[in-house]
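Per-entry structural report
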Amino acid sequence: MYTADPNRYNNMLYLRCGKSGLKLSAISLGFWHNFGDGDQFDNMRKIVQKAFDLGITYFDLANNYGPPPGAAEENFGRIFKLDLKPYRDQIIVATKAGYTMWEGPYGDWGSKKYLLASLDQSLKRMNLDYVDIFYSHRPDPETPIEETMEALYQAVHSGKALYAGISNYNPEQTKLAHSAAKQMGLKLIVNQVRYNMFARDVENGLFDTLNELGMGAVIYSPLAQGLLTKRYLDGIPEDSRVRKSGVFLKESDITTERIEKVKKLSEIAKRRGQTVSQLALSWILRNKVVASVIVGASKVSQIEDNVGCINNLEFSEEELKEIDEILNS
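Below: a short report on this structure. (Residues numbered from 1 in each chain as written. Predicted model: local features only at pLDDT ≥ 70, side-chain atom pairs only at ≥ 80, totals over all residues. Heavy atoms only, no water.)

**Regarding the overall build of the protein**
When helices and strands are tallied, the protein shows eleven helices and ten strands. Here the C-alpha radius of gyration of the protein, 19 Å, is about what a compact globule of 329 residues would show, namely 20 Å. Here the protein, with 329 residues, has 56% of them falling under the buried criterion. Sequence-distant contacts in the protein: of pairs separated by 6 or more residues, those separated by 24 or more amount to 76%. Total accessible area on the protein is roughly 14,800 Å²; 47% of this is exposed by carbon and sulfur atoms. Counting 40 positive and 42 negative side-chain charges, the protein places the centres of these two groups 3 Å from one another. (Helix = DSSP H or I, 4+ residues; strand = E, 2+ residues; numbered from the N terminus. Rg over C-alpha atoms; globule rule 2.2 N^0.38 Å. Buried < 20%, exposed > 50% of the residue type's maximum accessible area, 1.4 Å probe, protein only. Contact = heavy atoms within 4.5 Å. Areas by Shrake-Rupley, 256 points an atom, 1.4 Å probe, with all protein chains shown as cover. Lys, Arg positive; Asp, Glu negative; His and termini not counted. Charge placed at Lys NZ, Arg CZ, Asp CG, Glu CD.)

Encoded structure:
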């Protein structure tokens, strides 16, 4: 029987999510990859146990994570039943709906029909009575934003979710969603977006919008699908994500120019007593609107390395300038 490390809260940082009462572990565990039916269950279980033992309390899922879609939630549900059930009140479980989940007109996008049906299915797969955060995974250009927000309102007011969030919404869409939700008496607390040293679009207005609205940011793909690690510095390993699927990280993404930048960033990391992945995570967490950074892991050692970024979150002006020069070169 798994028993959590009694010292798990000593070294993790917990950050308030916008102007809500909710604090999230600065590092969270994502189930986008490595928790499908083709992955080893014992390894998944060890990763989740280690994450919780290191103070990670936020577990981020979506209905379509797998493969196949739904598999990550099912596997999390098994792990929850075996290991985490006694700690339910100490963890944050989030799920999302908005991408293709099942056939027909009611299994995709942002209708009330789809979102609420999906949440019911997610709860069954995960063996949960409620999720802590339910997200609209992407804006739907053909569904009125009021309907999508009404679905989130109903999820919260039915007790099936404690908080509501959005994901992949740009500044204008965020403002519209926040306004529509507010009129219903629903507070959107978070926008989950992609952000890393190689993908900085959200710096152009979104962070300011979230600050203005009192919302937090949760970040996914902080390591650019593994590019901002030492993994590709000496070529492409056979067991890498590129070789296994090549869907989200393609061989063409791993350019000589980017590898050179990672090598230069590694030198800064070394001076700071960090790995390059720790540097990349610390760099994101310096932004005060960020409440949590989602990391993926295929092995326990990656979780241990990532959590180590907490030990050095301060940057000098010189370091930030040097990083920008490398990234803009």
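Continuing now.
**Focus on the packing of helix 4 (residues 145-157) against helix 5 (residues 171-184)**
Where helix 4 meets helix 5, the closest approach of the two axes is 9 Å, and the angle between their N-to-C directions is 55°. Judged by the inter-axis angle, helix 4 sits oblique to helix 5. Relative to helix 5, the crossing made by helix 4 is right-handed. Contacts from I145, E146, M149, E150 and Y153 in helix 4 reach L176, A177, A180, A181 and M184 in helix 5. (Axes fitted to C-alpha atoms, helices over the stretch in contact; angles between N-to-C directions. Parallel < 35°, antiparallel > 145°, perpendicular 65-115°, else oblique. Left-handed = near helix turned anticlockwise from the far one by under 90°.)

**Comments concerning helix 9 (residues 276-285)**
In terms of burial, helix 9 is a largely internal element, ten of the ten residues being buried. Of the positions making up helix 9, those classed as buried are V276, S277, Q278, L279, A280, L281, S282, W283, I284 and L285.

**A closer look at the nonpolar core**
Membership of the largest hydrophobic core comes to 96 residues, with the highest contact counts inside it found for I27, L29, F31, F59, F76 and L188. When residues in this core are grouped by element, the largest group, seven residues, is from helix 9. Sequence-distant contacts of F76, defined by excluding residues within four places in its chain, comprise F31, F59, L61, L84, V93, M126 and L128. Among the nonpolar cores identified, the runner-up in size contains 14 residues, and L24, Y58, V190 and A291 belong to it. (Core = buried A, V, L, I, M, F, W, Y, C linked by side-chain atoms within 4.5 Å.)

**Remarks on the pairing of strand 9 (residues 216-220)**
The buried count for strand 9 comes to five of five residues, which makes it a mostly enclosed element. Residue alternation in strand 9 divides its side chains into two sets, G216, V218 and Y220 and A217 and I219, and both sets are buried. Relative to strand 9, strand 8 (residues 188-194) is paired through five bridges, and the arrangement is parallel. By the bridge assignment for strand 9, R194 is matched with Y220. When strand 9 meets strand 10 (residues 290-295), the two strands line up parallel, connected through three bridges. When the sheet's bridge partners are listed, V218 is paired in strand 10 with S292. (Pairing = 2+ DSSP bridges.)

**Overview of the environment of L186**
Locating L186 in the fold gives a position in the loop between helix 5 and strand 8. Spatially, the C-alpha atoms of L186 and Y169 are 17 Å apart, while their sequence positions differ by 17 residues. Not counting chain neighbours up to four residues away, the residues in contact with L186 comprise M149, L152, Y153, V156, A164 and A181.

**Re the packing of aromatic side chains**
Within this structure, the stated rule accounts for twelve aromatic pairs. Geometrically, the ring pair formed by F31 and F35 is tilted, given 4.1 Å between the ring centres and 40° between the ring planes. Residue F31 shares its accessibility class with F35, and that shared class is buried. In textbook terms, an aromatic cluster arises when at least three aromatic residues are bridged by ring pairs, as seen for F31, F35, F59, F76 and F80. Sitting over the face of the ring of Y135, K96 holds its NZ or CZ atom 5.8 Å from the ring centroid. For the cation-ring pair, R138 lies above W109, with the distance from its terminal atom to the ring centre recorded as 3.6 Å. (Phe/Tyr/Trp six-rings, centres within 6.5 Å; stacked < 30°, edge-to-face > 60°. Lys NZ or Arg CZ within 6 Å of the ring centre and 35° of its normal.)

**Observations regarding the environment of N196**
Among the secondary structure elements, N196 is positioned in the loop between strand 8 and helix 6 (206-213). Between the C-alpha atoms of N196 and I323, which are 127 residues apart in sequence, the distance is 12 Å. Setting aside its immediate chain neighbours within four residues, N196 contacts S221, P222, L223, A224, L228, W283 and I284. A distance of 2.9 Å separates a polar side-chain atom of N196 from the backbone nitrogen of A199. Of the polar contacts made by the side chain of N196, one reaches the backbone oxygen of S221; its length is 2.8 Å. (Polar contact = N/O pair within 3.5 Å; in protein donor to acceptor, adjacent residues only side chain to side chain.)

**Digging into unusual backbone geometry**
Residue P67 is reached from G66 by a cis peptide bond, and omega for that bond is -5°. One can find P67 in the loop between strand 4 (58-60) and helix 2 (71-84). Following P67, the chain continues into P68 via a peptide bond in cis, with omega recorded as -10°. Within the fold, P68 resides in the loop between strand 4 and helix 2.

**So, the side chain of N34**
Within the secondary structure, N34 sits in the loop between strand 3 (27-30) and helix 1 (41-53). A polar atom in the side chain of N34 sits 3.0 Å from the backbone oxygen of A297.

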